[in-house]
Structure formats: C-alpha cells, structure tokens
Amino acid sequence: MGTEGDRKTAARLAAGTLTVGAATLGYAVGIERRRWTLRTAELPVLAPGARPLRVLHISDLHMMPGQKSKQRWVAALGELQPDLVVNTGDNLAHPQAVPSVLRALGSLLDRPGVFVFGSNDYYAPKRKNPARYLMPRGKKKRIHGKHLPWRDLRAAFIEYGWLDLTHARRSIPVDGQTVFAAGVDDPHLRRDRYREIAGAADPDAALRIGITHSPEPRVLDPFAADGYDLVLAGHTHGGQLRIPGIGALVTNCELDRSRARGASRWGAHMWLHVSAGLGTSPYAPARFACPPEASLLTLVPRGKTDQETAEETRRNARTTVR
C-alpha cells in the first residue's frame, strides 16, 4: 500500500490530466473548428510557357443551415478572384443546407468552376463510434444516413455555370488557356468508375487536372498513368485530430497518413493536393492541430528538378487565418 503522500500525488496527477484533457477538448470543439484558415502553395504543374493560374480548392464544407460564421468566411473568398474554383465534395450535412451552401459560395459561383460530390452530398451523417476510424477498412460496416438533396445542389451549380466532372472529361477555357479536366464519383462509396474517363489527357492543354472526393490510390494511379499534372481531393479532413510532431493518425481511406493534407508528388510526374476541408460531421465537431481550411494554389510552369520543386513548395507554403 502506498503512503498518504503517494495517494495525494496520484490524485493531483489524475486531476491535472483531466484538466488538460478538458481544456484540449474545449479548444478543439469551441475554438479550432472555427479558426478558418486560407492555405496557399505554389505548384509547378503547368506546361512550359503557360501563364500562372490561381486555383481555389474548396472541400468538405459539411454545411449546416445555422453555420453563419463559416458561410461568411467562405463568401469572403470571392475577393481572391481565382481563375478556377475546384469543389471536391461533401458540401452538405443537413437536408435544408443547399441554400446555405449557395449563399456561402456567393460570388465564387460566377467564376469558372468544376465539382464532384462526396458521400455527405448523397447521405446525411450519422452518429458513429469514433473508434471505427481506427479499424481496418475491410472490417467496417458502411453506415448511411438519410438521402440528401444532392440533385438540387447539382442543378444549382450547373445553372451558375460550374461543370459536373462526375465521370466526365472536359476542355475548359480558363484565363485564355485550355485546362483539360476529368473526375470520378466518390471512391469512398465505391462509386468510382475510372474506365469511363480512361485515356490519355490532352497533351496540348496548359493544365491537365483530375478531381476526386476521396484520394484513393486505385484512382490516383490511373490519373498519373494517363498523364494528368495535378489531382485535387478532400475527404481526409487532414486527419481532423493531429498530434504535433506526429501528424494525422488516420486518413479514412487507403492514402498514407503523411499525405493527409497539402501537396505531395504522386509518381514521377503528377502532383496531389489534399484539402483538410472546412467542416466536420455534426457528431464529431472537433479539430485539433488541423484548422478548417480552403487552399489557394498558384500553378506555375514545370521545368525544375523534383528536389528543387519539392523544396520550393515547402518554402512557399503559407497558412493564413482570416
């Protein structure tokens, strides 16, 4: 049996641990998940001689009608006047959220834009045991919520002029240059059918870009083989809860944890950019060391060595809290 002093020390340690845990949870739920952040990076993916393009990457809004702060912040992104907006899905978290998404995107809908949908465009979120995210994917039983009005959202996007790239290949004029773009339906739901867009990307385009909601390697590999310069994805939430010095514990897909957010090389010629997204499930409303984000990517011509471009990307990466 321990002494009275030992018991008091143990009690103080336990109380201290609970206090730190409560403070961390309070920060993750009450502060960081609303710490809206603009991440910027420069990627050398354009054809030699092409003019730089500015691409705004938005993903994983998980919008609820009452999330006014998020709506105002996203609406202010219109001031950036990007050349192209890419939306990689999971816009909805409520059956009445379509007007809120459109209000948030605001003037961005007047810019050239492309999109694909994710699981939380098709199905509402449901309460789940957080431990299931640590389980091997093969042992997880897929749980769907109620159907969401994705058709209404799609119709609105198209009415504004954005292009649905779900199993589609399109040549798009952007700032006087040709962007060749293609996309797949959500691999997380196993709705992807890459064979429908398979084939070499346009070799004469200034940029060849692929988009997908979940960055599954089985989709990224054929994009790379078909000659795409850049693939944009979301879904991972950057891990959502990251440990400083370690990073993301999970990606909720087959992508390795080191690529849970930001830019990385995929193969010899293609870049991948994964957005940590702007929202969370209403049943897991917390972020830690991973603030909600949109990304403004400045795309510049290729021409440097792999080591030079990787080092320059790290130097040029910036995060701005707005």
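Residues numbered from 1 in each chain as written. Predicted model: local features only at pLDDT ≥ 70, side-chain atom pairs only at ≥ 80, totals over all residues. Heavy atoms only, no water.

## Comments concerning the pairing of strand β13 (residues 270-274)
Thinking step 1. Taken across its five residues, β13 has five buried, putting it largely inside the fold.
Thinking step 2. By the alternation rule, side chains of β13 split into Met 270, Leu 272 and Val 274 and Trp 271 and His 273, which are all buried.
Thinking step 3. Pairing between strand β9 (residues 230-233) and β13: four bridges, direction parallel. Within the sheet, the bridge partner assigned to Ala 233 lies in β13 and is Val 274. (Buried < 20%, exposed > 50% of the residue type's maximum accessible area, 1.4 Å probe, protein only. Helix = DSSP H or I, 4+ residues; strand = E, 2+ residues; numbered from the N terminus. Pairing = 2+ DSSP bridges.)

## What about the pairing of strand β14 (residues 293-301)?
Thinking step 1. Burial analysis of β14 places seven of its nine residues in the buried class, which makes it a mostly covered element.
Thinking step 2. In this structure, strand β1 (residues 37-46) lies alongside β14, joined through nine bridges in parallel fashion. When the bridges of β14 are listed, Leu 43 appears paired with Leu 299.
Thinking step 3. Examined bridge by bridge, strand β2 (residues 53-58) and β14 share five bridges and lie antiparallel to one another. Residue pairing for β14: Arg 54 is matched across the bridge by Thr 298.

## Focus on the confidence of the model for the chain
Segments scoring low in pLDDT should not have their predicted coordinates read at a detailed level.
Thinking step 1. The pLDDT averaged across the chain works out to 88; a share of 80% of its residues lies at or above 70.
Thinking step 2. Segment residues 13-25: pLDDT under 50, and one contact once partners within four positions in sequence are set aside and those in other chains are kept. (pLDDT = per-residue confidence, 0-100. Contact = heavy atoms within 4.5 Å.)

## Observations concerning the environment of Ser 258
Thinking step 1. Looking at where Ser 258 falls in the secondary structure, it is placed in the loop between β11 (247-248) and β12 (262-266).
Thinking step 2. When the C-alpha atoms of Ser 258 and Gly 238 are compared, they prove to be 9.6 Å apart, with 20 residues separating the residues in sequence.
Thinking step 3. Here Asp 256 takes part through its side chain, which lies 2.4 Å from a polar atom of the side chain of Ser 258. (Polar contact = N/O pair within 3.5 Å; in protein donor to acceptor, adjacent residues only side chain to side chain.)

## Some remarks on the sheet that holds strand β7 (residues 177-183)
Thinking step 1. Strand order in the open sheet made by the six strands is β6-β7-β8-β9-β13-β12, with mixed pairing throughout. Edge positions in the sheet fall to β6 (168-174) and β12, since each has one partner strand and no second. Sheet twist, expressed as the mean angle between neighbouring strand axes with direction ignored, is 25°.
Thinking step 2. Two strands pair when backbone bridges link them, and β7 and strand β8 (residues 207-211) are joined in this way by five bridges, in the parallel orientation. (Axes fitted to C-alpha atoms, helices over the stretch in contact; angles between N-to-C directions.)

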